[in-house]
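Chain residues, written in single-letter form:
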Amino acid sequence: MRPIELQVVGAQMVQGENQVTTLQAYEALGAVPKQALVERWLAQVIQDCGQDNEELAQRVLYALTEEPEKRPTKTQTELRREVRLRGSGLTPEEQEFSVAGDLGFVLTVLRGSGLAFEILATPEVNYQLVHDYWVRPIRQQFGVKLTQQLEAERQRRKQAEADRDAVQEQRLKEAQVSNRRLRRILGGTIVAAVVALVAGGFATWQQWVADINALNSQAVAESLYWESLIDANILGLNEQVEVLTNAKAWHSKLKNLRGGNRIDLLSTFSLAESIPKEKSRFMGHQGSVSSVAFSPDGNTLLTGSGDRTAKLWTRDGKLLHTFQGHQSEVLSVAFSPDGNTLLTGSRDATAKLWTRDGKLLHTFQGHQSLVSSVAFSPDGNTLLTGSGDRTAKLWTRDGKLLHTLQGHQDGVSSVAFSPDGNTLLTGSRDTTAKLWTRDGKLLHTFQGHQSEVSSVAFSPDGNTLLTGGWDTTAKLWTRDGKLLHTFQGHQGSVSSVAFSPDGNTLLTGSEDATAKLWDLNLDHILSAMCDHLQDFVAGRNLPDLPEEERQLRMRAHDACADIPPLKGARQPSANQQQK
């Protein structure tokens, strides 16, 4: 018997109500008594995780094993994805096999039981089983069920991908066939018109009619072609340039289109213009882009990448400079308030201050793990860095460490200065955010998120705070910790939050591939509601209205009587006003 096995089996024999103190009791456990005791202990650890976390705990243990008898290290981010934790930006196929629960709590229980331990490492804290011995019993006890689930998910995902590829390919083929067919029709129409003109000697008005018919045929072909590309989600920069060129060419010819054809063509061009699409391409990084920032004047952009560099670009995609010097992925980037200096944070546990032309001004060393977030103070004279070592640090521009903010129980994932620069806000993987003075005094801890606080922000007046978390919510707080509102609606982790300059609108970005705007200005909301009801209210005196509807329109009129219109809102027509 191996020492680790003796330790576990021995502990199980003397613990709990069912102590094994005789050979007879030991043999009564089954054909392989020591295996039964090991399984009993694993079951107890799973039970300690709580009923709501049992399936999650099984998946976590299984994810910490590999064949043959290997115990890989995994970060919490990797585990969240591998166990299919609900709300982690999963695909529809993965969501079907997702599991709910508190991953942080499960890892705490596993560490406390002595089954797993924590390794402070870059880029994140890693978790590992304490011994290779546990791999086999864990895979034997939980492997069959989880393997079947993962295989079912893999097959479902494979089929879904094949279906999507088939639909995409079919749509593209249909678009191409439709385009060729319609252009042949168009060509035939034009040729027929020309032949008719030559052979029959039509009068001028007949020639005009033929030209108009050909033009309308061309408009129909144009509309169907672009609609097919839009439906197939094929509208890259090449297509955008082409549709712009075609739309411009139609500018002087619209008056000669029949009503229906004219509306169809305009509608298609409008749809092509309004759908989300790329504006510029910033091509040059050799790795994933992990962080982006706009300069204060909005004319340049900064990107940080897994290729260990940051790059400065013009808005139209021209590369101005590449910043080289980090030894690992650049995780966070920021512009100084005047836009003349840049700050980068990296997995190599350093931050670097640069001039716009790439001169390295200073390297900030002192963190024991990755630098996950960086920020400038409003006056640009001090810098704030957050790290996986559970601290945030405040620095002068020349690298002097002013204060270390200590108090988080896990890595700091986001940092921010208040607008006046006198207070600091940090968000952490420990599910909390903390408000600090510049000299490192903790003012308040914001508790309420169920998972990592991934992003934090101050309102423009500094009186309210916004946090976004891996629990799919954003939360609005007062400075003293009162929760004002929880914003729910995202299906994935909220990875970024921001206030509008007037503080009346919030923006949240999520791993569910959406961003959402939330309106905090009740006056604006009321004005928008009344603007929507404008035509309904204006028709309150229409003849032959049922009395019930007339009363409803009057109630809407009275409710909107003292509410100012939206800026730039449309007004009822003269006919409606008279009625």
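Refer to the structure above for everything that follows.
Keep in mind that this is a model prediction, so the values were computed, not measured.

A. Looking closely at helix 4 (residues 54–63). With 8 of its 10 residues buried, helix 4 lies for the most part within the structure. Of all the residues in helix 4, the buried ones are Leu 56, Ala 57, Gln 58, Arg 59, Val 60, Leu 61, Tyr 62 and Ala 63.

B. Spatial organisation of unusual backbone geometry. Phi angles above zero are rare outside glycine, and Thr 472 is one such case at about 75°. Its place among the elements puts Thr 472 in the loop between strand 21 (464–469) and strand 22 (474–478). Phi angles above zero are rare outside glycine, and Asp 544 is one such case at about 65°. Looking at the secondary structure, you find Asp 544 in the loop between helix 13 (534–538) and helix 14 (547–559).

C. Looking closely at the packing of aromatic side chains. Enumeration according to the criterion identifies 4 aromatic pairs in this entry. The interplanar angle of 70° and the centroid separation of 5.4 Å between the aromatic rings of Phe 364 and Trp 395 together place this pair among those described as edge-to-face. Linking Phe 364 in strand 11 (residues 360–365) with Trp 395 in strand 14 (residues 391–396), this pair joins segments that are 31 residues apart in sequence. Like Phe 364, the residue Trp 395 is buried in the burial classification. Ring centres of Phe 446 and Trp 477 lie 5.4 Å apart, and the angle between their planes is 70°; on these two criteria the pair is classed as edge-to-face. Highlighted residues: Phe 446 in strand 19 (residues 442–447) and Trp 477 in strand 22, separated in sequence by 31 residues. Each member of the pair, Phe 446 as well as Trp 477, is classed as buried. Its end group placed over the ring of Trp 470, Arg 80 keeps NZ or CZ at 4.3 Å from the ring centre.

D. How the structure looks around the sheet that holds strand 8 (residues 330–335). Taken in spatial order, the 4 strands of this open sheet run 8-9-10-11, and their pairing is antiparallel. Because the sheet does not close on itself, it has two edges, and the strands there are strand 8 and strand 11. Across the sheet, the mean angle from the axis of one strand to that of its neighbour is 20°, orientation sign disregarded. Sheet analysis places strand 8 next to strand 9 (residues 341–346), joined by 5 bridges and oriented antiparallel. Among the inter-strand pairings, Ala 334 is bridged to a residue of strand 9, identified as Leu 343.

E. Layout of the side chain of Ser 332. By secondary structure assignment, the location of Ser 332 is in strand 8. Judged by its relative accessible area of 7%, Ser 332 is buried. Looking at Ser 332, its side chain comes within polar contact range of the main-chain nitrogen of Val 374, at 3.2 Å. The contacts of Ser 332, once residues within four sequence positions are left out, are Ser 291, Leu 343, Thr 344, Gly 345, Ser 372, Ser 373 and Val 374.

F. Summary view of the pattern of salt bridges. As enumerated under the stated definition, the model contains 8 salt bridges in all. Residue Arg 111 pairs with Glu 118 through a salt bridge whose shortest N-O separation is 3.7 Å. Since its relative accessible area comes to 30%, Arg 111 is described here as partly exposed. Where Glu 329 meets Arg 347, a salt bridge forms, and the shortest distance between an N and an O atom there is 2.6 Å. A residue pair is termed long-range when its members are at least 10 positions apart, and Glu 329 in the loop between strand 7 (319–324) and strand 8 and Arg 347 in the loop between strand 9 and strand 10 (350–355) qualify at 18 residues.

G. Spatial organisation of the nonpolar core. Counting residues in each nonpolar core, the largest one holds 32 residues, and the members touching the most others are Val 60 and Leu 115. Counting only elements with at least two residues in this core, the list comes to helix 3 (33–48), helix 4, helix 7 (103–113), strand 3 (126–129) and helix 8 (135–200). Looking at this core, the element that brings in the most residues is helix 4, giving 6 residues. For Leu 115, the residues in contact, after removing those within four places along its chain, are Trp 41, Leu 42, Val 45, Leu 61, Leu 110, Gln 128, Leu 129, Val 130 and Trp 134.

H. View of the environment of Thr 341. Tracing the chain through its elements places Thr 341 in strand 9. Sequence-wise, Thr 341 and Lys 359 are 18 residues apart; in three dimensions their C-alpha atoms are separated by 9.6 Å. When sequence neighbours within four positions are dropped, the list of residues in contact with Thr 341 reads Ala 334, Phe 335, Ser 336, Leu 353, Trp 354, Leu 361, Phe 376 and Arg 397.

Criteria and thresholds
Residues numbered from 1 in each chain as written. Predicted model: local features only at pLDDT ≥ 70, side-chain atom pairs only at ≥ 80, totals over all residues. Heavy atoms only, no water. Buried < 20%, exposed > 50% of the residue type's maximum accessible area, 1.4 Å probe, protein only. Helix = DSSP H or I, 4+ residues; strand = E, 2+ residues; numbered from the N terminus. Phe/Tyr/Trp six-rings, centres within 6.5 Å; stacked < 30°, edge-to-face > 60°. Lys NZ or Arg CZ within 6 Å of the ring centre and 35° of its normal. Pairing = 2+ DSSP bridges. Axes fitted to C-alpha atoms, helices over the stretch in contact; angles between N-to-C directions. Polar contact = N/O pair within 3.5 Å; in protein donor to acceptor, adjacent residues only side chain to side chain. Contact = heavy atoms within 4.5 Å. Salt bridge = Lys/Arg side-chain N within 4 Å of Asp/Glu carboxyl O. Core = buried A, V, L, I, M, F, W, Y, C linked by side-chain atoms within 4.5 Å.

Honestly, that's just the spatial picture; any functional story needs more than this.
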